[in-house]
Amino acid sequence: MCGIVGVVGRGEAAPLLLDALRRLEYRGYDSAGIATLVGGGIDRRRAEGKLGNLAGVLERNALPGTTGIGHTRWATHGAPTERNAHPHATTRVAVVHNGIIENHAELRTELESQGALFETETDTETFVRLLDRLLADGLEPVAAFGAALKRVHGAFALAAVFAGHPRLLLGARQGAPLAVGFGEGEMFLGSDALALAPLTRRIAYLEEGDWVVVTEEGARFFDVDGAAVERTVVQTAVSGAVVGKGNYRHFMEKELHEHPAVLGDTLRQYLDPRSQEVRLPRLPFDPARVPRLTLTACGSAFLAAHVGRYWIEGLARIPCDADVASELRYRDPPLPDGGAAILVSQSGETADTMAALKLLKAGGQQVLSIVNVPESTMARASDAALLTVAGPEVGVASTKAFTAQLAVLACLAIGFARARGKMTPQEEARLTQALVAVPGHAAEVLEQDARIRELAAEVAKARDVLFLGRGSLYPIALEGALKLKEISYIHAEGYAAGEMKHGPIALIDSNVPVIALCPSGPLFEKTASNLQEAAARGGRIMAFTDAAGAAALGRFAEHVVVLPDADPFAAPILYTIPVQLLAYHVAVLKGTDVDQPRNLAKSVTVE
Ligand code: G6P
């Protein structure tokens, strides 16, 4: 999603802004640009595609100036062309913007009727033209910015620089994050602490509705009503070290191979292997009494929440709802008195999940979030946050953060079950042991890499692929299909194995790989029957199972990948790894942009 940076600096702004934009690349984007204040006016450079293109433009045509703004754009309104790339500018003002200005059409009509000439179809340009008109009417930049903000609706973050005001940078936040960085005699704006980390670790986050006046001397904050407010400057823990790929070809590959370490680090936070007990920090609700839990998230994080529902209902017997946040936020579900919610998010910034958080809090629910970024908006806005210890995840398609989310949810399910008296110490010991074994088993799964690559060569030829699973492996079948679609662009569907005969069976022929996640265990026979139904119609069965499952499936499965024998409780975590690896290898064979697949963003900060 779009990334914003800004600087009132001491040295040349453009190289610094370009560097900061590189640290925002992970969010996903399709064009980029920089504007600086030069000799009383505004100058800008923009380019379609990756930052390398913008760097090339800057090399050929340098951009001087010490104050400026930069942007990576993930297109919403208007194609990802140079013309639509930010900063958008007039002779008086340049603006970068993340999010959507929802009343842009109405504003455009009004401004056009007053003579404004628009150059693009973007919603952002309405804000620029609005500011331009207010400046033309004689307002000073700060007053014009404050007045323009009152006219725009939606969820966004903005930054602006003004011709003739060489040491001024304005920013605003309404639904999308923005941070102010305090340097020595220079000041910064950025979408997140990562963008600013090598420049400064002293950060202040804008609160909802805030706007800020930044000069080289510091920052003055105003709330939504225009009243001056103080915002705390914190020392961020985010490291400015650029995360590298090491010896791996892609970030996704590296991150896949981090599964064992990340799972170990995350589990260590929430369970004690010696006493074989789960150790949860203080929760904002009492799991022994909570009448109902609402689990919500987006994308892969939602599928983790979906597994969490199976675990929490199964072990702790707490009724749960699991809903994608974009539905929950408008569904207006009845929420119980004393209820609680669990939000799951890698970035902690996803717009729909944040909107769900607001709805849930307004509905009196205590909100616990599971996030990977400790300083994220979600972590700060929740009643409590449990951290996944996955480290920075750069590949757009979530891998290690997803299994770390599962690890935390598994610990919660055990802890809740104990609190409700639904689990004996022996049972708790068995399940915690199962989790303690997970990092080792994950390493064994990764040893199947070459075998999975062979399978990928078959899957890469397919047009459609079906993933099947039952119980807590059903959401993992959905995750397998999602991952394959996201990065290889092959159409895939995940299905509850028992539902296959109610629809997808019609698709099955000898060209459709049917990928089954079926460890031996209570539901194995059922899934095996469904696979036989698919095989009987020519379907090509590719199964991920354990040694006992392999023996039973051997006769009709075309390919069997044998995973370690593990407790069925831990299966969703372990069976995620081969489906992610499979998607990775298929994408490499197809030659797609594995780490930044087309049209996708890592952190989705618009609806
Ligand atoms: C995007 C990413 C997914 C991620 C989802 C939710 O779609 O590409 O990998 O699962 O957003 O993001 P979050 O940061 O809330 O986990």
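Residues numbered from 1 in each chain as written. Predicted model: local features only at pLDDT ≥ 70, side-chain atom pairs only at ≥ 80, totals over all residues. Heavy atoms only, no water.

**Thoughts on the state of the cysteines**
- In the structure shown here, the tally under the stated rule is 0 disulfides.
- Note on cysteine 298: no disulfide assigned, nearest cysteine sulfur contributed by cysteine 2 at a separation of 17 Å.
- Owing to a relative accessible area of 23%, cysteine 298 belongs among the partly exposed residues under this scheme. (Disulfide = S-S within 2.5 Å. Buried < 20%, exposed > 50% of the residue type's maximum accessible area, 1.4 Å probe, protein only.)

**Quick word on the sheet that holds strand S12 (residues 211–215)**
- Pairing within the open sheet is antiparallel, and its 7 strands lie in the order S5-S6-S7-S8-S12-S13-S14. With one partner strand each, in any of the chains shown, strand S5 (88–89) and strand S14 (228–229) form the two edges of the open sheet.
- One ladder, built from 2 bridges, connects strand S13 (residues 218–222) with S14; its direction is antiparallel. Each residue of the ladder has a partner; that of phenylalanine 222, found in S14, is alanine 228. (Pairing = 2+ DSSP bridges. Helix = DSSP H or I, 4+ residues; strand = E, 2+ residues; numbered from the N terminus.)

**What about the layout of surface pockets?**
- Approximately 610 Å³ is the volume attributed to the second largest pocket.
- Lining the second largest pocket are 32 residues, with Cys298, Gly299, Ser300, Ala601 and Val604 sitting closest to its centre.
- Where the lining of the second largest pocket is concerned, the elements lending two or more residues are helix H9 (299–316), helix H10 (325–331), strand S20 (340–345), helix H11 (351–362), helix H13 (400–419) and helix H17 (474–488).
- A per-class count over the lining of the second largest pocket returns 15 nonpolar, 11 polar and 6 charged.
- Viewed by domain, the lining of the second largest pocket spans two of them, domain 2 (245–436) and domain 3 (445–592), each represented by three or more residues. (1 Å grid on protein atoms, 1.4 Å probe; cavity = no way out; pocket = protein on both sides within 12 Å on 5 of 7 lines; lining within 4 Å. Points joined across faces, edges and corners; volume = space filled by probe spheres on them. Nonpolar A, V, L, I, M, F, W, Y, C, P; charged D, E, K, R; others polar. Domains from an automatic or database assignment.)

**Remarks on the site of the ligand**
- Close contacts around the ligand come from 14 residues, with Ser300, Ser345, Gln346, Ser347 and Thr350 the closest.
- The backbone of serine 300 places a nitrogen or oxygen atom 3.0 Å from an oxygen atom of the ligand.
- A distance of 2.6 Å separates an oxygen atom of the ligand from a polar side-chain atom of serine 345.
- Look at the ligand: alone it shows 390 Å² of surface, and the protein chains cover 92% of it.
- For the shell around the ligand, the leading source of residues is H9, giving 3 residues.
- Taken together, the residues of the shell around the ligand break down into 5 nonpolar, 7 polar and 2 charged. (Near = heavy atom within 4 Å. Polar contact = N/O pair within 3.5 Å; in protein donor to acceptor, adjacent residues only side chain to side chain. Areas by Shrake-Rupley, 256 points an atom, 1.4 Å probe, with all protein chains shown as cover.)

**Section: the pattern of salt bridges**
- Using the criterion set out here, one finds 35 salt bridges in the structure.
- One salt bridge in this structure joins glutamate 110 and arginine 133, with 3.4 Å as the shortest N-O distance. Remark: arginine 133 occurs in helix H4 (residues 124–136) and glutamate 110 occurs in helix H3 (residues 104–113); sequence separation between them is 23 residues.
- Glutamate 110 sits in the partly exposed class, given a relative accessible area of 24%.
- Measuring nitrogen to oxygen at the nearest pair gives 2.7 Å for the salt bridge that ties glutamate 110 to arginine 151. Here the residue glutamate 110 occupies a position in helix H3, and arginine 151 occupies one in helix H5 (residues 141–151), the gap between them amounting to 41 residues. (Salt bridge = Lys/Arg side-chain N within 4 Å of Asp/Glu carboxyl O.)

**Details of the domain arrangement of the protein chain**
- Domain boundaries in the protein chain define domain 1 (3–235), domain 2 (245–436) and domain 3 (445–592).
- For domain 1 and domain 2, the distance between their C-alpha centres works out to 34 Å.
- Tallying the contact residues gives 6 residues for domain 1 and 8 residues for domain 2.
- Here domain 1 and domain 2 share an interface that buries about 680 Å² over both sides, 52% of which is from carbon and sulfur atoms.
- Inspection of the region where domain 1 meets domain 2 yields 0 salt bridges.
- Summed over the shared surface of domain 1 and domain 2, the number is 1 residue pair in polar contact (both at pLDDT 80 or more). (Contact = heavy atoms within 4.5 Å. Buried area = accessible area lost by both parts, 1.4 Å probe.)

**What to know about the nonpolar core**
- Membership of the largest hydrophobic core comes to 90 residues, with the highest contact counts inside it found for Leu293, Ile312, Ile342, Phe416, Leu435, Phe467 and Phe544.
- A domain split of this core shows at least three residues from each of domain 2 (245–436) and domain 3 (445–592).
- Non-local contacts of leucine 293, meaning those with residues more than four positions away in its chain, are made with Phe285, Ile312, Ile318, Pro319, Cys320, Asp321, Ala340, Ala341, Ile342 and Phe416.
- Counting residues in hydrophobic clusters, the runner-up holds 27 residues, among them Leu130, Leu135, Phe145 and Ala148. (Core = buried A, V, L, I, M, F, W, Y, C linked by side-chain atoms within 4.5 Å.)

**A few points about the pairing of strand S10 (residues 187–190)**
- The alternating pattern of S10 places Met187 and Leu189 on one face and Phe188 and Gly190 on the opposite face, and all of these are buried.
- Pairing of strand S1 (residues 3–8) with S10, which is carried by 4 bridges, proceeds in the antiparallel orientation. Looking across to S10, one finds that valine 5 is bridged to glycine 190.
- Bridging between strand S9 (residues 179–182) and S10 involves 4 bridges; their strand directions are antiparallel. Bridging from a neighbouring strand, valine 180 pairs with leucine 189 of S10.

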